[in-house]
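Coordinates in review
Okay, here's what each chain looks like letter by letter:
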Amino acid sequence: MSPAIALAFLPLVVTLLVRYRHYFRLLVGTVLLRSLRDCLSGLRIEERAFSYVLTHALPGDPGHVLTTLDHWSSHYEYLSHMGPVKGQILMRLVEEKAPACVLELGTYCGYSTLLIAQALPPGGRLLTVERDPRTATVAEKLIRLAGFDEHMVELIVGSSEEVIPCLRTQYQLSRADLVLLIHRPRCYLRDLQLLEAHALLPAGATVLADHVLFPGAPRFLQYAKSCGRYRCRLHHTSLPDFPAIKDGIAQLTYAGPG
């Protein structure tokens, strides 16, 4: 390419960089810099975050553990977690619905797990599923550090596709009054249909799905709106520490098999 042609494209490149600077900064932080730090430290970001929490948070205080994670994400490395704004939506719904049993698909570092556990009614139970064993190890330590035992919060290591069919027989889960989908948006529709197929959603159950606008779950949303079995509401939010990047949490209320 000649210098003249390259120069002609320069205004377009500058315009794109300015318009999408937030996405560019997110890409650099979550992919390039994170990969570099992983290589240099030999630790994943979740492990580095846990080390920080271990030395700065108050054991047995889930609120302080969450605040410490937020501080880490805002001041050191972006953690790609739910964050406090979305977290308030989640906690409010858990307190409002008072579910006897909650199923979380996608534990990650345990941030949303702690939010749910804090808001559970007395005797409530939370099953959380994480497919990556190394990440699950970090989450398990964080959950126990915050003061929640195995009777209240049980962490299952495995893929959601394999775990869901075993929930009734292996984990004694006959129904999930509230389900949080926070793993891979491309898996949301498949896992929702698995929950339906195995009769794990009672009438009136709430299904929350994060990241339905960014990176997005269009097939999941289309199905929920068109199948006739759900009432749908969308909570418009943004990514933690990236308010210009819009996102949303879908809230579905299951009406029954129809």
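All residue numbers refer to positions counted from 1 along the written sequence of the respective chain. Only residues with pLDDT of at least 70 get local features here, since the model is predicted, and only at 80 or more are side-chain atom pairs given and counted; chain-wide, interface and lining totals rely on the full set of residues. Only hydrogens and water are set aside; all other atoms, that is, all heavy atoms of the structure, feed into the side-chain values.

**Description of the layout of surface pockets**
Unoccupied space between atoms shows up once a probe the size of one water molecule is rolled over them. Residues are said to line a cavity or pocket when one of their atoms sits within 4 Å of a point; the points come from a 1 Å grid over protein atoms alone, cavities being sets where a 1.4 Å probe fits but cannot get out and pockets being open sets with protein on both sides within 12 Å along at least five of seven lines. Grid points are joined across faces, edges and corners, and a volume is the space filled by probe spheres set on the points. There is about 1100 Å³ of room inside the largest pocket. Forming the walls of the largest pocket are 39 residues, and the residues nearest its centre are Ser80, Tyr108, Ile182, His183 and Arg184. Elements with a contribution of two residues or more to the lining of the largest pocket: α2 (21-41), α3 (45-56), α6 (111-119), β2 (125-130), α8 (160-163) and α11 (212-216). Under the scheme applied, nonpolar residues are Ala, Val, Leu, Ile, Met, Phe, Trp, Tyr, Cys and Pro; charged residues are Asp, Glu, Lys and Arg; polar residues are all the others, including Gly. When its residues are assigned to classes, the lining of the largest pocket shows 15 nonpolar, 13 polar and 11 charged. Every residue lining the second largest pocket is counted, 15 residues in all, and those nearest its centre are Arg25, Gly29, Glu77, Tyr78 and Phe242. Helix numbering and strand numbering both begin at the N terminus, where a helix is a DSSP run of H or I of at least 4 residues and a strand a DSSP run of E of at least 2. Elements supplying a minimum of two residues to the lining of the second largest pocket: α2 and α4 (62-75).

**Some remarks on the pairing of strand β7 (residues 242-254)**
When a residue's accessible area, from a 1.4 Å probe over protein chains only, is under 20% of the maximum for its type it is buried; when over 50% it is exposed; and in between it is partly exposed. The buried count for β7 comes to 10 of 13 residues, which makes it a mostly enclosed element. Here strand β5 (residues 206-209) pairs with β7 via four bridges, running antiparallel. Each bridged residue has a counterpart across the sheet, and for alanine 209 the counterpart in β7 is alanine 250. Inspection of the sheet shows strand β6 (residues 230-239) paired to β7 by 10 bridges, in the antiparallel sense. We call two strands paired when DSSP finds no fewer than two bridges between them.

**What to know about the packing of aromatic side chains**
Any two of the Phe, Tyr and Trp rings considered here, Trp counted by its six-membered ring, make a pair once their centres fall within 6.5 Å; the pair's planes then place it as stacked at under 30 degrees, edge-to-face at over 60, or tilted in between. Taken as a whole, this structure holds seven aromatic pairs when the rule is applied. Measuring from ring centre to ring centre gives 5.4 Å for tryptophan 72 and tyrosine 76, while their planes differ by 20°; the resulting arrangement is stacked. Taking 5.6 Å as the distance between ring centres and 75° as the angle between the ring planes, the aromatic pair formed by tyrosine 188 and phenylalanine 220 counts as edge-to-face. With tyrosine 188 in helix α10 (residues 188-197) and phenylalanine 220 in helix α12 (residues 218-226), this pair connects stretches of sequence that are 32 residues apart.

**Side note on the sheet that holds strand β1 (residues 101-105)**
Here we have seven strands laid out as an open sheet, ordered β3-β2-β1-β4-β5-β7-β6, and mixed in their pairing. Two strands close off the open sheet at either side, each with one partner strand: β3 (153-157) and β6. Between one strand axis and the next, the sheet turns by 15° as a mean value, whatever way the strands run. Sheet topology note: the β1/strand β4 (residues 178-181) ladder contains four bridges and is parallel. Its bridge partner being in β4, glutamate 104 is matched across the sheet by leucine 180. The axes used here are C-alpha line fits, helices contributing only the stretch in contact, and every angle between their N-to-C directions lies in the interval 0 to 180 degrees.

**Here's the deal with the environment of arginine 25**
With respect to the helices and strands, the residue arginine 25 is situated in helix α2. For arginine 25 and alanine 224, which are 199 residues apart along the polypeptide, the C-alpha to C-alpha distance reads 33 Å. Leaving out residues up to four positions away in the same chain, arginine 25 has contacts with Asp241 and Phe242. The contact definition used throughout considers only heavy atoms, calling two residues in contact when any of these lie within 4.5 Å.

**Examining the nonpolar core**
In a soluble, globular protein the nonpolar side chains are often hidden away together inside. We call a set of buried Ala, Val, Leu, Ile, Met, Phe, Trp, Tyr and Cys residues a nonpolar core when their side-chain atoms join them within 4.5 Å. Residues Leu90, Leu114 and Ile116 are the most contacted members of the largest nonpolar core, which totals 42 residues. Broken down by secondary-structure element, the contributors of at least two residues to this core are α3, α4, α5 (83-97), α6, α7 (133-145), β3 and β4. Not counting residues within four places of it along the chain, the set of residues in contact with leucine 114 comprises Pro62, Val65, Leu66, Leu142, Ile143, Ala146 and Phe148.

**Quick notes on the pattern of salt bridges**
For salt bridges, the criterion is a side-chain nitrogen of Lys or Arg within 4 Å of an Asp or Glu carboxyl oxygen. Following the criterion strictly, the structure yields 14 salt bridges and no others. Measuring nitrogen to oxygen at the nearest pair gives 2.6 Å for the salt bridge that ties arginine 44 to aspartate 132. Of the two residues, arginine 44 sits in the loop between α2 and α3 while aspartate 132 sits in the loop between β2 and α7, which places them 88 residues apart along the sequence. A relative accessible area of 27% means that arginine 44 is categorised as partly exposed. By relative accessible area, which is 22% here, aspartate 132 ends up partly exposed. The shortest N-O distance in the salt bridge between lysine 86 and aspartate 210 comes to 2.8 Å. Pair noted here: lysine 86 is in helix α5 and aspartate 210 is in the loop between β5 and α11, with a separation of 124 residues, a long-range link. Across the pair, aspartate 210 and lysine 86 agree in class, each one buried. A single network of salt bridges, built from pairs that share partners, joins Arg37, Asp38, Arg48 and Glu77.

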